[in-house]
Amino acid sequence: MVSFGPSGFAAYARLRFVSDPTHEGQQEFDANVVNDESEQLRTLFDVLAEHTRTPQECYFCLWDGTGDIVMPDSPGPVEDMAAAANPDPRAQPTRLPKHAVRSRLPGPLVSVPHRSYYLFQGPLSDAGMWSVPEGWPDQPRLDITHTAFAWTADHAWCVANDVDPHWAGIGADADAIDRLVADPRLDVVPADPNAEQPAYR
């Protein structure tokens, strides 16, 4: 789930922020191509906005390891637990996953093995536009651009952007994946989520 999101989508792909390694033992700093992650995600979400009926009702998970929170005028934490979507594309988006609990911030904290995330709700156009407000005790002011998970209320697609791989996983219908792969602004390649993915060691 952390790498590609839930199962059940017709097709999957990888959005590469760094080109895949070309030889055994290659380090990420020796990569041939490095793409700007924020710019790639913005473009990705612009394209995916045309492949959902609910672009104004989206859900975002931000990794709690950033230690950051959002501005008041950005997408707000989900206050109504029953309103949060279950990212399973076959489920109805009416209930929060059983593994979600209230966090120290308003709204739920979603936990999966080895990761915890703050869950937020807002329009897709606001993805990655969060930043830390001034004066929050013991928190540095840092911009948040790393959206760990994003999905829409109609479950048309899911983007999973873990902290370790050099790419983000995408699950969607075949038409959406084909369009992403064909877009010259994006470095997207088809993927089999059940296969071993290229990785820097």
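Being a predicted model, the structure only gives us computed values, none of them experimental.

About the cut-offs
Residues numbered from 1 in each chain as written. Predicted model: local features only at pLDDT ≥ 70, side-chain atom pairs only at ≥ 80, totals over all residues. Heavy atoms only, no water. Disulfide = S-S within 2.5 Å. Salt bridge = Lys/Arg side-chain N within 4 Å of Asp/Glu carboxyl O. Buried < 20%, exposed > 50% of the residue type's maximum accessible area, 1.4 Å probe, protein only. Helix = DSSP H or I, 4+ residues; strand = E, 2+ residues; numbered from the N terminus. Arc of directions from axis to C-beta. Contact = heavy atoms within 4.5 Å. Polar contact = N/O pair within 3.5 Å; in protein donor to acceptor, adjacent residues only side chain to side chain.

### Notes on the state of the cysteines
Piece 1. Counting across every chain of the model gives 0 disulfides.
Piece 2. Between Cys-61, a free cysteine, and Cys-158, which holds the nearest cysteine sulfur, the sulfur-to-sulfur gap is 8.6 Å.

### Concerning the pattern of salt bridges
Where charged atoms of side chains with opposite charge meet at close range, the side chains can pair.
Piece 1. Taken as a whole and judged by the stated rule, the model has 7 salt bridges.
Piece 2. Notably, a salt bridge pairs Arg-14 with Asp-20, separated by 2.8 Å at the nearest N-O pair. Like Arg-14, the residue Asp-20 is buried in the burial classification.
Piece 3. Residue Arg-115 is joined to Asp-162 by a salt bridge in which the shortest nitrogen-to-oxygen separation is 2.9 Å. With Arg-115 in strand E5 (residues 115-122) and Asp-162 in the loop between strand E9 (158-160) and strand E10 (167-172), this residue pair connects regions lying 47 residues apart in the sequence.
Piece 4. Overlapping salt bridges bring together Arg-14, Arg-16, Asp-20 and Asp-187 as one network.

### Comments concerning helix H2 (residues 174-182)
Piece 1. Among all positions of H2, only Ala-176, Ile-177 and Leu-180 are buried. Seen along its axis, H2 keeps its buried residues to an arc of 95°; they face one direction. Away from its buried face by more than 90 degrees, H2 exposes Asp-175, Asp-178 and Ala-182.
Piece 2. Among the structural elements, strand E1 (11-16), helix H1 (37-48), E10 and strand E11 (188-190) are those in contact with the buried residues of H2.
Piece 3. Taking the backbone nitrogen of Asp-175 as reference, a side-chain oxygen 3.2 Å away marks Asp-173 as the first, capping residue of H2.

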